[in-house]
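Single-letter residue listing:
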Amino acid sequence: MSALIEVRGLRMHFPVGGKLFFGRRRTLKAVDGVDFAVERGKTFALVGESGCGKTTAGRAIVRLYKPTAGEILFEGADIAKLEGDQLLPYRRRMQMIFQDPYASLNPRMTVGSIVTEPMCVQGLCSSDRERIERARELIERVGLKDDHLSRYPHEFSGGQRQRIGIARALSTNPDFIVCDEPISALDVSIQAQVVNMLEELQQSLGLTYLFVSHDLSMVRHISHEVAVMYLGQIVEIAPTDELFKHMQHPYTVALLSAVPIPDPDRQGAHIVLEGDVPTPIDPPPGCPFLSRCRVSMPVCKGRRPELIDLGGGHRVACHRIAK
């Protein structure tokens, strides 16, 4: 299976403040050199705690942000440095489902206008009539009714709004969709419905997903491959079953230990991480997890660990594993 998206050395740095710090402008290193590939028709998950850089990486890949450095290969073509009209054909093929269904929809636009707007921008469909028909088809496909097209976002629940956002993402017939925590703001009873719908759409339309989440139980259900991020870097990456059964990095072990076990008779060995997460404005020179790691070694202070291939697509960035 060929990779639809390949990311090489992606960096996303943001300037902090307007003053120079010892002769240098301070920067926040939200994403600091990540590499991964997303196979066509599969779901690749980025997981990690809040602030690790997973959402920023997703937005950079669909070019909502211009990367500071690195390559973003879409079917082999590097789109990281493209600008303006050069990006237009790729924007049609890459879409995003945002986390907050209450903030991602324009309250002054009807649902019909929200869903048809991307078609107008991309010049899809030859007439307004065709665009409305396409919007009606999409809105029904995500479980809503065609008479909803004339209503406004405030008339819908959170789950319904997210379905509208999904219909909007589908309106340009994309190949690749970044799902930025699409269920985290929804009621638990609605989350499974939305995820099942995303899976059905993937199978019927051949979609490729980058699924950004901190809900590890849902990631295990929907993804084919998982990358664990910490402080803007990927510390472990593996096929989903392999990661959950044979996790190697100390951070991954601690992260997965926090997943609730749905059995009152079983007691999980929950690992509580001590210490603070280093600031991405001034990350440590060595391993990013050093300040919270219980099995660190002297070498961890000196240099950043590289991803080591353990076979079967399983890679880990840890000096302890290398030794």
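All values reported here derive from a predicted model rather than from experimental measurement.

Novice: Got a minute to help me understand the overall build of the protein chain in this structure?
Specialist: A tally of helices and strands in the protein chain yields 11 helices and 12 strands. In terms of overall dimensions, the protein chain is globule-like: its C-alpha atoms have a radius of gyration of 21 Å, near the 20 Å expected for 323 residues. When the backbone C-alpha atoms are referred to their principal axes, the protein chain occupies close to 65 × 60 × 40 Å. When each of the 323 residues of the protein chain is scored for burial, the buried share is 47%. If you take every contact in the protein chain between residues at least 6 apart in sequence, the share linking residues at least 24 apart comes to 63%. Of the roughly 15900 Å² of accessible surface on the protein chain, a fraction of 49% belongs to carbon and sulfur atoms. Separation between the mean location of the 39 positive side-chain charges and that of the 38 negative ones in the protein chain comes to 6 Å.

Novice: What exactly am I supposed to notice about the confidence of the model for the protein chain here?
Specialist: Any residue range with low pLDDT should be treated as having predicted coordinates unsuitable for detailed reading. Of all residues in the protein chain, 94% have pLDDT values of 70 or greater, and the mean over the chain is 90. Within the protein chain, the lowest mean pLDDT, 82, falls on helix α11 (residues 319–322), and the highest, 97, falls on strand β3 (residues 43–47).

Novice: How should the nonpolar core be read in this particular structure?
Specialist: Note that soluble globular proteins tend to have their nonpolar side chains buried in a common cluster. Among the nonpolar cores identified, the biggest contains 54 residues, and I139 and I166 are the most heavily contacted of them. For I139, the residues in contact, after removing those within four places along its chain, are V111, V115, L144, K145, D146, L149, I164 and A167. Core analysis: the next-biggest nonpolar cluster, separate from the first, contains 33 residues, F36, F74, I79 and M229 among them.

Novice: Mind showing me how you'd approach the state of the cysteines here?
Specialist: Linking two cysteines covalently via their sulfur atoms produces the bond known as a disulfide. Taken as a whole, this structure holds 0 disulfides when the rule is applied. Here C120 is not cross-linked by a disulfide; its sulfur's nearest cysteine counterpart is in C125, at 8.6 Å. C318 takes part in no disulfide bond, and the closest cysteine sulfur to it belongs to C293, at a distance of 6.3 Å.

Novice: Looking at this structure, how should I read helix α3 (residues 111–122)?
Specialist: Note on helix geometry: an α-helix contains 3.6 residues per turn, so any two residues three or four positions apart are oriented the same way. All buried positions along α3 are accounted for by V111, G112, I114, V115, T116, P118, M119 and Q122. Packed against the buried residues of α3 are α2 (88–93), α4 (128–141) and α5 (158–170). Looking one or two residues past α3, G123 carries a phi angle of roughly 70 degrees, positive in sign.

Novice: Where do I start with the environment of I79 in this structure?
Specialist: In this structure, I79 sits in the loop between β5 (77–78) and α2. A relative accessible area of 0% means that I79 is categorised as buried. Separated by 16 residues in sequence, I79 and R63 place their C-alpha atoms 8.1 Å apart. The contacts of I79, once residues within four sequence positions are left out, are I61, R63, I72, F74, L87, Y90 and M94.

Novice: Explain the packing of α4 against α5 to me, please; I cannot follow it from the model alone.
Specialist: The axes of two packed helices give the description: the angle between them and the distance between them. It is the contact of α4 with α5, at a shortest axis distance of 9 Å, that shows an interaxial angle of 135 degrees. As far as their axial angle goes, α5 and α4 are oblique. α5 is crossed by α4, and the crossing has right-handed handedness. Together, R134, L138 and I139 of α4 and I164, A167 and L170 of α5 make up the contact between the two elements. A per-class count over the contact of α4 with α5 returns 5 nonpolar, no polar and 1 charged.

Novice: I keep staring at the side chain of R163 and nothing clicks. Help me out?
Specialist: Mapped onto the fold, R163 is located in helix α5. Buried charge without a partner: R163 forms no salt bridge, and the closest opposite charge is E200, 9.2 Å away.

Novice: Would you mind going over the packing of aromatic side chains with me for this structure?
Specialist: Centre distance and the angle of the planes are the two values used to describe a pair of aromatic rings. Under the criterion given, the structure shown has 6 aromatic pairs. On the basis of an interplanar angle of 55 degrees and a centroid distance of 4.7 Å, the ring pair of Y230 and Y251 is categorised as tilted. In this pair, Y230 is assigned in strand β9 (residues 225–230) and Y251 in helix α9 (residues 250–257), connecting sequence segments 21 residues apart. The exposure class assigned to Y251 is buried, which follows from its relative accessible area of 1%. Note on Y230 and F289: the rings are 5.2 Å apart at their centroids and 90 degrees apart in plane angle, and the pair reads as edge-to-face. Pair noted here: Y230 is in strand β9 and F289 is in the loop between α9 and α10 (299–302), with a separation of 59 residues, a long-range link. The exposure class of Y230 is buried, given its relative accessible area of 1%. Taken together, the ring pairs in this structure connect Y230, Y251 and F289 into an aromatic cluster.

Novice: What am I meant to see in α5 here?
Specialist: Taking 1.5 Å per residue, 13 residues should reach 18 Å; α5 reaches 19 Å between its end C-alpha atoms and fits that length. Of all 13 residues in α5, 12 are buried, a share of seventy percent or more. All of the buried residues in α5 are G158, G159, R161, Q162, R163, I164, G165, I166, A167, R168, A169 and L170. Along its buried surface, α5 packs onto β6 (94–97), α3, α4, β7 (176–180) and α6 (188–205).

So, how was this worked out
Sequence positions are assigned chain by chain, starting from 1 and proceeding in written order. The predicted nature of this model means local features are confined to residues of pLDDT at least 70 and side-chain atom pairs, given and counted, to a pLDDT of 80 or more, with totals for whole chains, interfaces and linings taken over all residues. For the side-chain quantities, the full set of heavy atoms in the structure was used; hydrogens and water were omitted. To qualify as a helix, a DSSP run of H or I must reach at least 4 residues; to qualify as a strand, a run of E must reach at least 2; elements of each kind are numbered from the N terminus. The size measure is the radius of gyration over C-alpha atoms, and the globule rule it meets is 2.2 Å times the number of residues to the 0.38 power. A 1.4 Å probe rolled over the protein chains alone gives each residue an accessible area, and that area as a share of the maximum for its type sets the label: buried under 20%, exposed over 50%, partly exposed in between. Contact definition: two residues touch when any of their heavy atoms are within 4.5 Å. The accessible surface values rely on the Shrake-Rupley method and a 1.4 Å probe; as for residues, cover is taken only from the protein chains in view. Working convention for charge: Lys and Arg count positive, Asp and Glu count negative, and His plus the chain ends are omitted. Lys charges are placed at NZ, Arg charges at CZ, Asp charges at CG and Glu charges at CD. As a per-residue measure, pLDDT reflects the predictor's confidence and takes values from 0 up to 100. Each nonpolar core is a collection of buried residues, namely Ala, Val, Leu, Ile, Met, Phe, Trp, Tyr and Cys, held together in the definition by side-chain atoms within 4.5 Å. Cysteine sulfur atoms that come within 2.5 Å of each other are treated as a disulfide pair. Every angle, taken between N-to-C directions, lies between 0 and 180 degrees, and every axis is a line fitted to C-alpha atoms, over only the stretch in contact when it is a helix. We call two directions roughly parallel when the angle between them is under 35 degrees, roughly antiparallel when it is over 145, roughly perpendicular when it lies between 65 and 115, and oblique otherwise. Whether a crossing is left-handed or right-handed is set by the direction in which the near helix is turned from the far one by less than a right angle, anticlockwise for left-handed and clockwise for right-handed. Put simply, Ala, Val, Leu, Ile, Met, Phe, Trp, Tyr, Cys and Pro go in the nonpolar bin, Asp, Glu, Lys and Arg in the charged bin, and everything else, Gly too, in the polar bin. Any Lys or Arg side-chain nitrogen located within 4 Å of an Asp or Glu carboxyl oxygen qualifies as a salt bridge. A pair of Phe, Tyr and Trp rings is counted when the ring centres sit within 6.5 Å of each other, with Trp represented by its six-membered ring. The angle between the planes then sorts it: under 30 degrees is stacked, over 60 is edge-to-face, the rest tilted. Expected helix span is computed as 1.5 Å times (number of residues minus one).

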